[in-house]
Amino acid sequence: MRLSFFRLLMLLMLAILLTIAGSACGISRSSLPEDLPPGTYLPDPIFEQFYEKNGGFDFFGYAISTIFSDETGHKYQYFETVLMVYDPIREWISFEDLGSQLGLRNLPVPAWSGDSLDQGLLVGGLQIHPAFVPMYLQLGPELVGDPITEPYFNLSRNHVEQHFQNLGLYFFIEDPEKTVGLLEYGWLDCGGCRPQYYLGDRSGIIQAPLKDASFYSLMEEKQISISLAGEVVRGPASLADGTTDLVFKHLVLYKNQNGEMKIRPVPVLLGLQEEFLYSPLVINGMVFYEYQDGVGHNLLALFDEFVRQNGGYEVSGKPITEIIPMNQETMQIRQCFENYCLDYLPNAAMAKIRPTPLGDLYLDRVAPSYVTPLETVDSSDKQYTTQPRNKSPFTLIGWENHTVVNSETPQTIFVMVSLQNTPQPNKEMVLMITYPDGAKSTIKMPATDEDGLTSVTLEPIAGQNGELVIYEACLQIDRAESACVQQSFLIWGNP
């Protein structure tokens, strides 16, 4: 919706007031830390005053290059979030158009599904999110540039993001104040910059967008948005059979030899598919997906709606599980389809339906051998446990043979131990089982094999349909905190 002249005038007055208020208090939210990490620098004196006046360290982060010039005499310095440019003729500081150079116009951004954007600002045919309008007006259209995407949910980072020509803006989905920060355009664009530290929460994009834009074109054709797929974890990489793998945070795409894009059934490859099919449940908020002869899987209606809005069942594949309780305190539940899983977070402020991160698990457990080396990215944020608990150097991944099991079928628990992605043999663990009636038992698991894997089979567990069995495996380590993984499975299918 286009703004009236009066409302636009009011917004401009607000921007002026924000600028005056910012000048009065130095506007710098925080100063640079005294100790600079390796690979970072102070702002050059040419940019220092501008840096401090317009947001300081909280907005721009560290400088990650020294100052350099081009043949026209323009001077440049990379910061984590922008590339600052000094024009000696105009004596003017601006930002380089990194958003376009990084190919962010090609991102398959989904249609906005959050709160109304009517209070935003329409620029160049794209709507700026209302939370980003004050920053857009405060810095000014020349510094920010035109929007090059609509606002969208980056569910990999729990952000609402929007990309502009010169910078990217975000706020956390769960932040009621919608505090705006900048994404790390500078870090992505500067190939020679090597800051040796973790960027933290502002890392909205964990690697530059794909140079092979055909993947994005194919994603748009199939209605696979960046919110559904997540960010690129690794790839593209070639396989011996001539296909090319591309691993995202939430799902895995590949191209065959004819250039056709397909989706790998990651949940099926990970063994998440249930052995049972079920009859319809007549419950409000549930729908039934029939396989044949009146049996199939019961779906949360909100999951069904998400699937239909994101390419349909052609993209998701058939449902392969019933609803799986994940967290009793937050009431988080999960349901898996052939190609991806979905989580429902009823207490979330926005984006209550979110794809489950499976890309890293796929690479660790079932990824094929690649002919060409994978492009690697920082993965310091990845977590394999449902409840990260400690700072142990070891990573534990736990899963069960059946995500849903009846009271007549044995259950097998698997645990994998790795250290910096290397399997760890001869590691012993203790498994604690919490039964539906609150009773607990402790089992010593066999030592891990050469692949870092161990398992134990439980006798059938008595329980009522819908009751939860919680298990926790812990690796005890000398002179270090124990590493644990906690998971659960559902009792279901009893007569």
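Residues numbered from 1 in each chain as written. Predicted model: local features only at pLDDT ≥ 70, side-chain atom pairs only at ≥ 80, totals over all residues. Heavy atoms only, no water.

J.: I'd love a proper account of the side chain of T356, names of residues and values included.
T.: Among the secondary structure elements, T356 is positioned in the loop between strand 20 (353-355) and helix 13 (359-365). For T356, a relative accessible area of 4% corresponds to the buried category. Within the structure, the side chain of T356 is placed 3.5 Å from the side chain of R334, a separation counted as a polar contact. (Helix = DSSP H or I, 4+ residues; strand = E, 2+ residues; numbered from the N terminus. Buried < 20%, exposed > 50% of the residue type's maximum accessible area, 1.4 Å probe, protein only. Polar contact = N/O pair within 3.5 Å; in protein donor to acceptor, adjacent residues only side chain to side chain.)

J.: Can you explain the confidence of the model for the protein? Please cite residues and give values.
T.: Taken residue by residue, the protein gives an average pLDDT of 80. The fraction at 70 or more is 82%. Across residues 1-29, confidence stays below pLDDT 50; counting only partners more than four residues off in sequence or on other chains, it has 37 contacts. Every residue in residues 373-391 is under pLDDT 50, and counting partners more than four places away or in other chains gives 44 contacts. (pLDDT = per-residue confidence, 0-100. Contact = heavy atoms within 4.5 Å.)

J.: Kindly report on the sheet that holds strand 12 (residues 244-248), identifying the contributing residues and their values.
T.: Spatial strand order, 11-12-13-14: 4 strands in an open sheet with antiparallel pairing. A single partner strand is all that each edge strand has here, and the edge strands are strand 11 (232-238) and strand 14 (261-263). On average, adjacent strands in this sheet sit at an angle of 20 degrees to one another, irrespective of strand direction. (Pairing = 2+ DSSP bridges. Axes fitted to C-alpha atoms, helices over the stretch in contact; angles between N-to-C directions.)

J.: Lay out the nonpolar core with the relevant residues and their values.
T.: Most often, soluble globular proteins have nonpolar side chains that are buried together. Residues M219, I224, F248, L253, F303, Y340 and L342 are the most contacted members of the largest nonpolar core, which totals 47 residues. Tallying contributions element by element places helix 8 (residues 214-221) first for this core, with 4 residues. Y340 has contacts with L228, H250, L251, P267, F306, V307, V315 and S316, leaving out every residue within four places of it along the chain. Judged by nonpolar contacts, the second largest core, of 40 residues, contains F47, F60, M84 and V123. (Core = buried A, V, L, I, M, F, W, Y, C linked by side-chain atoms within 4.5 Å.)

J.: Any details on the pairing of strand 2 (residues 75-78)? Residues and values, ideally.
T.: Two elements, strand 1 (residues 68-69) and strand 2, share 2 bridges in a ladder whose sense is antiparallel. Counterpart to F68 in the pairing with strand 2 is Y76. As judged from the 4 bridges shared by strand 2 and strand 3 (residues 83-87), these two strands associate in the antiparallel manner. Residue pairing for strand 3: Y78 is matched across the bridge by L83.

J.: Kindly report on the state of the cysteines, identifying the contributing residues and their values.
T.: Throughout this description, disulfide means a covalent bond between two cysteine sulfur atoms. In total, this model carries 2 disulfides according to the counting rule given. A sulfur-sulfur distance of 2.1 Å marks the disulfide that ties C336 to C341. Between C336 and C341 the sulfur-sulfur dihedral comes to about 100 degrees; the bridge is accordingly right-handed. In this pair, the class of C336 matches that of C341, namely buried. Put simply, C474 and C484 are joined by a disulfide, and their sulfur atoms are 2.0 Å apart. Because the torsion about its S-S bond is 110 degrees, the bridge between C474 and C484 counts as right-handed. With C474 in strand 28 (residues 468-475) and C484 in strand 29 (residues 483-491), this residue pair connects regions lying 10 residues apart in the sequence. (Disulfide = S-S within 2.5 Å.)

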